[in-house]
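Examining the three-dimensional arrangement
This is what each chain is made of:
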Amino acid sequence: MAELTIIHTIQELQTLLGRNQRQGKTVGFVPTMGFLHEGHLSLVEQARQQNDIVVMSIFVNPAQFGPGEDFEAYPRDAQRDAGLAHDAGVDILFMPTPEEMYPQEGGIRILPGSQATELCGASRPGHFDGVLKVVLKLFNIVDPDRSYFGLKDAQQLAIIETFVRDFNLRTKIVRVPTVREQDGLAKSSRNVHLTEAERQEAPAIQRALQKGALLVAEGLSAGEIEQQVAEAIVTNSTGSIDYVSLLAYPALTKEIDQTNEVIVACAVKFSKTRLIDNIIIPLKG
Ligand code: PAF
């Protein structure tokens, strides 16, 4: 498949994919909410290397936005996205409408477990219920061999890995590292909502997380590390802290004695947007 095929309905997608899957072709899946950047394209690059067919979905999922969150303001540009997807080597771009994905409200909810109680799960109640709902629907629609998720959304990735394991879903989850601007800011669709001054300051987040990693190596307590990281962010930017947390990864609990890796994760609010970032730190011994 050299050309990009854009599809808006589930039936058309399944007909096309079914034909290919019956011929034994493997499918790599990159679910997104669009407004593509190099982070998404690195997911495609990896999917391209490992599968015969690469499917990307672009769907700004209303179910994962709470009241007062940025569902309406979430950046969208379907034409630009189609060009980028084509150039990156996506074969099939699935762009359903909300009516196609949610034709009626059946009231079934999927409730994630303890991994969703901290970080964004605490500040955005119901967010991960909505993520799991759309991800399950997309997995059922696409039936991918492999699905690609970025480590920038490390909590989302950890919850989806558990979901796939607990419910014996067929797809394999592939973790892809965060892609950053040259100054360290994590690539995000929401970065366009930063003012020019905020854009200059925002790399302070990554620098603070790096400092957090050094403090972990020095053996400071979680509380001290969280406090110093938060201080470094507010001292060097106008952002206000939603959370800074040090947890075991991927369990996302405060019990870090038995874990191989910890995460220092944060969410920072700027005037028109909220950014998340994290650093995952292997523990020695
Ligand atoms: O990470 C995202 O962009 C979204 O949460 C996802 C996985 C596409 C579900 O809407």
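Residue indices follow the written sequence of each chain, beginning from 1 at its first position. Per-residue local features of the predicted model are confined to residues with pLDDT of at least 70, and side-chain atom pairs are confined, for both listing and counting, to 80 or more; whole-chain, interface and lining totals are unaffected and use all residues. Each side-chain value is worked out from all heavy atoms of the structure, with water and hydrogens disregarded.

What follows deals with the side chain of His127. Runs of H or I in DSSP of at least four residues are treated as helices and runs of E of at least two as strands, each being numbered from the N terminus. Mapped onto the secondary structure, His127 falls in helix 6 (residues 127-142). At a separation of 2.8 Å, a polar atom in the side chain of His127 contacts the main-chain carbonyl oxygen of Gln64. We define a polar contact as two N or O atoms separated by no more than 3.5 Å, with the added condition that, inside protein, one atom must be a possible hydrogen donor and the other a possible acceptor, whereas residues neighbouring each other in sequence contribute only through side-chain atom pairs.

Turning to the packing of helix 6 against helix 7 (residues 154-166), a few remarks are in order. Two numbers describe a pair of packed helices, the interaxial angle and the distance between the axes. Two elements in contact, helix 6 and helix 7, have axes separated by 11 Å at closest approach and are oriented at 55°. Relative to helix 7, the element helix 6 lies oblique. Considering how the two elements wind past one another, helix 6 and helix 7 form a crossing that is right-handed. Residue-level inspection shows Phe128, Val131, Leu132, Val135, Leu136 and Phe139 of helix 6 in contact with helix 7, the latter providing Gln155, Gln156, Ile159, Ile160, Phe163 and Val164. Broken down by class, the residue content of the contact of helix 6 with helix 7 amounts to 10 nonpolar, 2 polar and no charged. Axis lines are fitted to C-alpha atoms, over the contacting stretch for helices. Their N-to-C directions set the angle, which ranges from 0 to 180 degrees. Each angle gets one of four labels, with under 35 degrees taken as roughly parallel, over 145 as roughly antiparallel, 65 to 115 as roughly perpendicular, and the rest as oblique. Helix crossings are classified by the rotation of the near helix relative to the far one: an anticlockwise turn of less than a right angle makes the crossing left-handed, while a clockwise turn makes it right-handed. By the convention used here, residues are in contact when the closest approach between their heavy atoms is within 4.5 Å. Each residue receives one of three labels: charged for Asp, Glu, Lys and Arg, nonpolar for Ala, Val, Leu, Ile, Met, Phe, Trp, Tyr, Cys and Pro, and polar for the others, Gly being one of them.

Moving on, we get to the packing of aromatic side chains. Whether two aromatic rings pair depends on their centres lying within 6.5 Å, for rings of Phe, Tyr and Trp, where Trp uses its six-membered ring; planes under 30 degrees apart make the pair stacked, over 60 edge-to-face, and the rest tilted. Taken as a whole, this structure holds 6 aromatic pairs when the rule is applied. An angle of 75° between the planes, with centres 6.0 Å apart, marks the rings of Phe65 and Tyr74 as edge-to-face. Type-normalised accessible area, obtained with a 1.4 Å probe on protein chains alone, sets the label of each residue: buried when under 20%, exposed when over 50%, and partly exposed for intermediate values. Note on Phe65: relative accessible area 11%, which makes it buried. Relative accessible area serves as the criterion here: at 8%, Tyr74 is assigned to the buried category. Ring-pair connections join several aromatic residues into one group, and the members of that group are Phe29, Phe139 and Phe149. To sit over a ring, a charge needs its Lys NZ or Arg CZ within 6 Å of the ring centre and within 35 degrees of the ring normal. Taking NZ or CZ as reference, Arg76 lies 5.0 Å from the ring centre of Phe71, over its face. The ring of Phe35 carries Arg80 above its face, with NZ or CZ at 4.9 Å from the centroid.

Moving on, we come to the site of the ligand. Consider each residue's heavy atoms; a residue with any of them within 4 Å of a molecule or strand counts as near. Around the ligand, the neighbouring residues are Pro31, Thr32, Met33, Asn61, Gln64, Val134, Phe149, Asp153 and Gln156. With respect to the ligand, the side chain of Gln64 contributes an N or O atom lying 2.6 Å from an oxygen atom. Between an oxygen atom of the ligand and a side-chain N or O atom of Gln156, the distance comes to 2.7 Å. Under the convention used here, a 1.4 Å probe and the Shrake-Rupley method define accessible areas, while residue burial counts only the protein chains that appear. Its free accessible area being 280 Å², the ligand has 90% of it covered by the protein chains. Here the residues of the shell around the ligand sort into 4 nonpolar, 4 polar and 1 charged.

As a further point, take the packing of helix 9 (residues 204-218) against helix 10 (residues 222-236). One can describe the packing of helix 9 onto helix 10 by two numbers: an axis separation of 9 Å at closest approach and a directional angle of 155°. By the angle between their directions, the pair helix 9 and helix 10 is classed as roughly antiparallel. Here helix 9 runs over helix 10; the crossing is right-handed. On helix 10, the residues touching Ala204, Ile205, Arg207, Ala208, Leu209, Lys211, Gly212, Leu215 and Val216 of helix 9 are Ile225, Gln228, Val229, Ala232, Ile233 and Asn236. Taken together, the residues of the contact of helix 9 with helix 10 sort by class into 10 nonpolar, 3 polar and 2 charged.

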